[in-house]
Amino acid sequence: MSFWFTIREGFKGFSRARLSTTLTIISIFFSHYMIALFLMASYNFEHWVDDFRSRVELEVFLEPGTTDNEAQQLRRQMMDYKEVEKSRYISKDEAAARFEKEFGRSVFDVLQSNPLPTSIVLNLKPPYRRAAALEKLTKKLEALSFVDEVVYPRRVITLLDRYMKVVYLAGALVLLLLLLITFVLIYNTIRLTIFARRDIIEIMQLVGAKRNFIKRPFIIEGLLQGVIGASLSMAAAWGSLHLAQTYILSSLAFKPLYLLPVLLSGLVIGYISAGFSVAKHLKEI
Amino acid sequence: MIEFYNVHTSIRDKKILNNITFRILKGEFVFLTGPSGAGKSTILRHIYMDVLPDNGMVVVENYNSAKIKDKEVPLLRRKIGVVFQDFKLLQDRTVFENIAFALRVTGVSSRDIKRRVMRVLAEVNLGHKRSQYPVTLSGGEQQRVAIARAIVNNPFIVLADEPTGNLDAETSMEIMDILERINRQGTAVLMATHSQEILQHFPHRHIHVEGGELSQ
């Protein structure tokens, strides 16, 4: 009984402050559309970065004179490390073949002998493809006997890590700002609705409605504004993704489930801002 | 049933009530008189605990202003009916809905609501206007709707704040007749009024307030 009353009154709030409600929903739509686009962009960006990281190899050069047997034993030892996903042994002959492939000339033509060291190439598991983990692993590997030097694209990885941090921080700040704007908008709309409906609130208080009962329709209204705005933004973002896939970059990807945080954000921000607004402004009636 | 003990009250630093002490018994009809701004409405607001005294205390049935918790106030108000000079009806709801509203917000079931609303509408002779909106009713009819809303919860007291203030003499008498009838059924009535005519016509006890002080 009181449930339907609450829902009905929540919807009535829409018609009581129609203009501000519409403007709020439009604003929530835009802020959440930006959030959805940001999620889609970061999803694709992360995929691209992960793909790049997966190609990063760590090459462990062995000391001259290390036998194939010793090298294979070392490789098996490395395979036991939690960081290592795959390993490959590069013998002197393979190193020479690689040289020829890369430089177009045989190492024997240039130097008459093969001075190239043997090495073990390691591919790492995803969590260890970052600068700090690579650095730690390098130290561990360099301490092993027969290991001469460990080489990987250190500078690129360090820069990548640093820029990813900046990108995420900037993104988080923008998201926070958008959420703050949404909060203020819903807070204000609920305030207007409360004042537009002070006659009904006054009567509710007079006839003995409990405080939570009076609050509920306004909270429902905030929730509805949040959910409607967020749902519209999800639909628009999904449409935008399809357009971008068709006309700009077909490799763009995204999962609809990953838009759930947008809906949750609308719901939570609607609930919180309406809750704050009601708590503050109901006292003024 | 209602007792004021040495009540002192200020609102926004302005002294409104000064050492008010009186008692209203079960089923009594009492007029609260005094010039505008004397503190009559504030006395009524103390009874439904919309205002609490700075000093002294107000006891209404089992509720004491000095001890009442915020969450108990709605429970007290369900036992009190309040009628105002400006009716305070919801203009976007029918007569029926206006009265039903008082029951709906306190969680009464739909079937009970219909039965109880029809009963009080019959008491104020407005059953035939239940589907109309307040704007289509006369002032007297609107006040009867407000009275019906005030009594639909079977209160032990009806507080009427100048209920005839906006009505002509004849309509005022109709409203008084309804309040008298309610009182005869056992509900106490405390009515704030200026009207000498009403005071002369209905010989009930007066509580006179002037400048925030009492002279019975």
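Residues numbered from 1 in each chain as written. Chains lettered and ligands numbered in written order. Predicted model: local features only at pLDDT ≥ 70, side-chain atom pairs only at ≥ 80, totals over all residues. Heavy atoms only, no water.

**Structural notes on the overall build of chain B**
What counts is decided by this rule: Secondary structure counts use DSSP, requiring at least four H or I residues in a row for a helix and at least two E residues in a row for a strand, with both numbered from the N terminus. Relative accessible area decides the class of each residue, using a 1.4 Å probe on protein chains only: under 20% of the type maximum gives buried, over 50% gives exposed, and in between gives partly exposed. In what follows, residue pairs with any heavy atoms lying within 4.5 Å of each other are defined as contacts. All accessibility values rest on the Shrake-Rupley procedure with a 1.4 Å probe; residue burial counts only the protein chains present in the view. When charges are counted, Lys and Arg are positive and Asp and Glu negative, with His and the chain ends excluded. For this purpose, a charge sits on NZ of Lys, CZ of Arg, CG of Asp or CD of Glu.
Looking only at helices and strands, chain B has 7 helices and 10 strands in total. Overall, the C-alpha framework of chain B stretches about 45 × 40 × 30 Å when taken along its three principal axes. Out of the 216 residues in chain B, the part that is buried amounts to 56%. Long-range contacts, defined as pairs at least 24 residues apart, comprise 71% of the intrachain contacts of chain B with a sequence gap of at least 6. Total accessible area on chain B is roughly 9,700 Å²; 46% of this is exposed by carbon and sulfur atoms. Within chain B, one finds 28 positive and 24 negative side-chain charges whose respective centroids are separated by 8 Å.

**Details of the packing of helix α2 (residues 18–54) of chain A against helix α10 (residues 260–281) of chain A**
All names here are of chain A. Where we set the bar: Only C-alpha atoms enter the line fits that serve as axes; for helices the fit covers just the stretch in contact. Angles between N-to-C directions range over 0 to 180 degrees. The handedness criterion is simple: a crossing whose near helix is rotated anticlockwise from the far helix by less than a right angle is left-handed, and one whose near helix is rotated clockwise is right-handed. In the scheme used here, Gly and all other residues not listed as nonpolar or charged are polar, with Ala, Val, Leu, Ile, Met, Phe, Trp, Tyr, Cys and Pro taken as nonpolar and Asp, Glu, Lys and Arg as charged.
At a minimum axis distance of 10 Å, the contact between α2 and α10 shows a crossing angle of 150°. The handedness of the crossing between α2 and α10 is right-handed. Judged by residue contacts, His32, Ile35, Ala36 and Leu39 of α2 engage Pro261, Val262, Ser265, Gly266 and Ile269 from α10. Of the residues in the contact of α2 with α10, the class split is 6 nonpolar, 3 polar and no charged.

**Re a nonpolar patch on the surface**
Applicable threshold: Patches in this entry comprise residues that are over 30% relatively accessible and not in a salt bridge; like charges within 9 Å are linked, as are nonpolar side chains (Val, Leu, Ile, Met, Phe, Trp, Tyr) within 5 Å. Within this document, salt bridges are pairs made up of a side-chain nitrogen of Lys or Arg and a carboxyl oxygen of Asp or Glu, the two lying within 4 Å of each other.
A contiguous nonpolar patch, built from Leu257, Tyr258, Leu260, Leu264, Leu267, Val268, Tyr271, Ile272 and Phe276 of chain A and spanning about 870 Å² of accessible area, is present on the exposed surface. Examined against the element boundaries, Phe276 of chain A turns out to sit in helix α10.

**Here we look at the packing of aromatic side chains**
The geometry of an aromatic ring pair is captured by two quantities: the separation of the ring centres and the angle between the planes. All names here are of chain A. For the record, the criterion: Working definition: rings of Phe, Tyr and Trp (its six-membered ring) pair if their centres are within 6.5 Å, and the pair is stacked with planes under 30 degrees apart, edge-to-face with planes over 60 apart, and tilted otherwise.
On inspection of all chains with the given rule, the structure shows 11 aromatic pairs over all chains. A centroid spacing of 6.0 Å and a plane angle of 15° characterise the contact between Phe29 and Tyr33, whose relative ring orientation is stacked. Remark: Tyr33 and Phe29 occur in helix α2; sequence separation between them is 4 residues, near one turn of the helix. Residues Phe29 and Tyr33 agree in their burial class; the two are buried. Ring centres of Tyr43 and Phe254 lie 5.2 Å apart, and the angle between their planes is 85°; on these two criteria the pair is classed as edge-to-face. Placement of Tyr43 in helix α2 and of Phe254 in the loop between α9 (211–247) and α10 is noted, with a sequence separation of 211 residues between them. The two residues Tyr43 and Phe254 agree in class, both being buried. Taken together, the ring pairs in this structure connect Phe29, Phe30 and Tyr33 into an aromatic cluster.

**With respect to the UniProt feature "domain: FtsX extracellular" (unreviewed entry) in chain A**
Inclusion rule: UniProt positions are given in the numbering used here, feature names are shortened, and annotations may be inferred rather than shown by experiment.
Residues annotated by UniProt as "domain: FtsX extracellular" (unreviewed entry) correspond here to residues 56–150 of chain A. For the annotated span residues 56–150 of chain A, helix accounts for 43% and strand for 24% of the residues, and the straight-line distance between the end C-alpha atoms is 13 Å.

**Structural notes on the sheet that holds strand β4 (residues 55–60) of chain B**
Strands belonging to one sheet form pairs held by backbone hydrogen bonds; the direction of such a pair is parallel or antiparallel. Residues and elements named next belong to chain B. Our working rule: DSSP-based pairing: two strands are paired if at least 2 bridges between them are found.
A sheet is described by the order of its strands in space; here 4 strands give the open sequence β2-β1-β4-β5, paired in antiparallel fashion. Among the strands making up the open sheet, the edge pair consists of β2 (14–24) and β5 (63–64). The pairing of β4 with β5 spans 2 bridges and is antiparallel. By the bridge assignment, Val60 is partnered in β5 with Tyr63. Those strands touched by helix α1 (residues 40–47) are β1 (2–11), β2 and β4, and its axis lies near 120° from that of β1.

**Section: the side chain of Thr33 of chain B**
Residue and element names in this part refer to chain B. Quick note on the threshold: Under this definition, polar contacts are N or O atom pairs within 3.5 Å; protein pairs additionally need one hydrogen-donor-capable and one acceptor-capable atom, and for neighbouring residues in sequence, both atoms have to be side-chain atoms.
Within the secondary structure, Thr33 is located in strand β3 (residues 29–33). Among the polar contacts made by the side chain of Thr33, one reaches the side chain of His208 at a distance of 2.9 Å. Setting aside its immediate chain neighbours within four residues, Thr33 contacts Lys40, Thr193, Leu199, His206, Ile207, His208 and Val209.

**Here's the deal with the interface of chain B and chain A**
The condition is simple: Two parts placed together each lose some accessible area; with a 1.4 Å probe, that loss summed over both constitutes the buried area.
In this assembly, 21 residues from chain B lie in contact with 19 residues from chain A. With both chains or domains summed, chain B and chain A bury close to 1,700 Å², and 65% of this area falls on carbon and sulfur atoms. Looking at the side of chain B facing chain A, the largest losses of area belong to Phe101, Arg104 and Val105 of chain B, adding up to 29% of the total buried there. Counting the contacts that link chain B with chain A gives 1 salt bridge. In this structure, the salt-bridge partner of Glu202 of chain A is Lys88 of chain B, at a minimum N-O distance of 3.2 Å. Counting the contacts that link chain B with chain A gives 3 residue pairs in polar contact (both at pLDDT 80 or more).

**Description of the side chain of Glu221 of chain A**
Residue and element names in this part refer to chain A. Inspection of the secondary structure puts Glu221 in helix α9. Buried Glu221, no salt bridge; nearest opposite-charge side chain is Arg197, N-O distance 5.2 Å. Within the structure, the side chain of Glu221 is placed 3.2 Å from the side chain of Thr193, a separation counted as a polar contact.

**Let's talk about the packing of helix α8 (residues 198–206) of chain A against α9 of chain A**
Residue and element names in this part refer to chain A. Here is the rule we go by: Relative orientations are named as follows: roughly parallel for angles under 35 degrees, roughly antiparallel for angles over 145 degrees, roughly perpendicular for angles from 65 to 115 degrees, and oblique for any other angle.
Interhelical geometry of α8 versus α9 gives an angle of 155° and a closest axis separation of 10 Å. When the interaxial angle is binned, α8 and α9 end up roughly antiparallel. Along the contact surface, α8 presents Ile201, Met204 and Gln205, while α9 presents Phe213, Ile214 and Phe218. Class assignment for the residues of the contact of α8 with α9 results in 5 nonpolar, 1 polar and no charged.

**Topic: the domain arrangement of chain A**
As a reminder, the rule being used: Per the annotation, domain bounds derive from an automatic or database assignment of domains.
As assigned here, chain A comprises domain 1 (2–51 + 160–284) and domain 2 (57–152). Distance between the C-alpha centres of domain 1 of chain A and domain 2 of chain A: 53 Å.

**Digging into the sheet that holds strand β1 (residues 57–62) of chain A**
Residue and element names in this part refer to chain A. Read across the open sheet, the 4 strands follow the order β2-β3-β1-β4; overall the sheet is antiparallel. Since the sheet does not close on itself, it has two edges, and those belong to β2 (84–90) and β4 (147–151), each with one partner. If you compare each strand with its neighbour and ignore which way they point, the axes differ by 20° on average. Both β2 and strand β3 (residues 119–124) contribute to a ladder of 6 bridges, which runs antiparallel. Opposite Ile90, over in β3, you have Ser119 as the bridge partner. Contacting β1, β2, β3 and β4, helix α3 (residues 68–79) runs over the sheet at an angle of about 170° to β2.

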